[in-house]
Each structure stands twice: as C-alpha cells, then as structure tokens.
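Close look at the chain arrangement
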Amino acid sequence: HYRAVEVKHGRTAMIACVGQLVQQTMRFDGYISPSQNLKFEDIPNGLGALKAVPIEGWAQIAVVMGFHEFFLIQRKGEAPGDFGTGYFGSPLSEEKKKRGLNVEIQNGRLAMMGILGMMASEIVHNGQVLAE
C-alpha cells in the first residue's frame with residue numbers, strides 16, 4: 001500500500017516540477033475564466049496562483065483528481081502503479097516493468113524534493129522560482 005502511495009505522489013511531483021518550469025517560460029493564450037474576464041497571463045506563477053484561480057477552477061481540478069482516485073484502480077497482484085496499460089499502450093516484459101518501476105520511484109523521489117525546493121525558492125525570492 002505505501003509503495004503505491006509513493007508512486008502516486010512521485011508521479012504527481014514529476015508533473016508539478018514540469019508544470020512549474022513551463023509556467024516560468026510560457027503562457028497559454030485565452031481566458032481561464034471568461035465570465036470574470038481573467039486571462040491565463042493574469043495568473044501569477046507558482047504559489048501565487050493559489051489565490052488567483054477562481055473557485056470554479058479549483059472545483060474542476062478536484063473533480064478530475066476525484067475521478068482519478070476512484071476510477072483508476074490498482075490491479076490486484078501487480079506492482080504498485082501498474083494499471084495494465086503498458087507503456088503508451090504497448091505491453092512490457094516483466095524485466096522492463098521491474099526496471100521501469102525502480103526508475104520511476106527514484107525519479108519520483110527526486111521530483112518530490114525538487115518541487116519542495118522550487119516552492120521554498122519561490123518563498124525566499126518573493127515569487128521567482130528561477131531567481132539568480
């Protein structure tokens with residue numbers, strides 16, 4: 001059970017690290033909330049976005065997270081994080097699965113530390129993650 005939680009948190013942290021870096025370098029065109037006339041470029045990076053995103057946006061995020069939690073079920077008797085989809089739909093051998101899970105766990109651990117470091121850097125440098 002704990003390994004599955006570690007894999008899930010690692011995957012989330014890897015996505016968060018990529019998201020944090022992408023936010024620093026580009027913005028989507030368009031509106032995050034057309035009814036409030038709020039554009040993506042008006043949302044601050046990182047932790048500042050927690051206060052700027054409307055409640056409806058957080059509700060959408062919560063629905064997607066809930067869907068993921070309740071409908072993507074771990075297969076019984078398989079390694080943690082193995083949902084039976086293979087790698088982009090192609091099946092993997094047992095040896096590749098074992099090695100891939102080990103690599104994913106290690107990268108996930110690094111990403112968990114990385115996103116914490118980025119958040120700490122943002123607090124120290126007043127909102128800039130990539131400050132010099």
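Residues numbered from 1 in each chain as written. Predicted model: local features only at pLDDT ≥ 70, side-chain atom pairs only at ≥ 80, totals over all residues. Heavy atoms only, no water.

A closer look at the packing of helix α1 (residues 2-25) against helix α4 (residues 94-124)
For the record, the criterion: Each axis is a line fitted through C-alpha atoms, taken for helices only over the stretch in contact, and angles between the N-to-C directions span 0 to 180 degrees. Segments assigned H or I by DSSP are reported as helices when at least four residues long, segments assigned E as strands when at least two residues long, and all are numbered from the N terminus. Just so you know how the angles are binned, under 35 degrees is roughly parallel, over 145 roughly antiparallel, 65 to 115 roughly perpendicular, and the rest oblique. In this scheme the handedness of a crossing depends on how the near helix is turned from the far one: anticlockwise by less than a right angle means left-handed, clockwise means right-handed. The criterion used for residue contact is that any of the two residues' heavy atoms lie within 4.5 Å. For this classification, Asp, Glu, Lys and Arg are treated as charged, while Ala, Val, Leu, Ile, Met, Phe, Trp, Tyr, Cys and Pro are nonpolar and the rest, including Gly, are polar.
As a packed pair, α1 and α4 sit with axes 7 Å apart at the nearest point and diverge in direction by 50 degrees. The angle between α1 and α4 falls in the class oblique. Like other packed secondary-structure pairs, α1 and α4 cross with a definite hand, here left-handed. Contacts from R3, E6, V7, H9, G10, R11, A13, M14, A16, C17, Q20 and L21 of α1 reach α4 at L101, E104, I105, N107, G108, R109, A111, M112, G114, I115, M118 and E122. A class-by-class count of the residues in the contact of α1 with α4 yields twelve nonpolar, six polar and six charged.

Let's talk about the nonpolar core
For the record, the criterion: Nonpolar cores were defined as sets of buried Ala, Val, Leu, Ile, Met, Phe, Trp, Tyr and Cys residues, with membership established by side-chain atoms within 4.5 Å. The buried label applies to any residue whose accessible area, calculated with a 1.4 Å probe on protein chains only, is under 20% of its type's maximum; exposed applies above 50%, and partly exposed to all values in between.
Core analysis: the largest hydrophobic core is formed by six residues, namely A13, C17, A111, I115, M118 and V129. Breaking this core down by element, the ones donating at least two residues are α1 and α4. Among all residues touching V129, those that are not within four sequence positions of it are Q20, Q24, M118, S121 and E122.

Section: the pattern of salt bridges
Here is the rule: Within this document, salt bridges are pairs made up of a side-chain nitrogen of Lys or Arg and a carboxyl oxygen of Asp or Glu, the two lying within 4 Å of each other.
Within the structure shown, the criterion is met by five salt bridges. Close ionic contact of E6 with R3 constitutes a salt bridge, the shortest N to O distance being 3.2 Å. In this pair, E6 and R3 are both assigned in helix α1, three residues apart and thus about one turn of the helix distant. In this structure, the salt-bridge partner of E6 is R109, at a minimum N-O distance of 2.5 Å. Taken together, the residues span a long stretch of sequence, with E6 in helix α1 and R109 in helix α4 at a distance of 103 residues. Within this structure, R3, E6 and R109 form a network of salt bridges that share partners.

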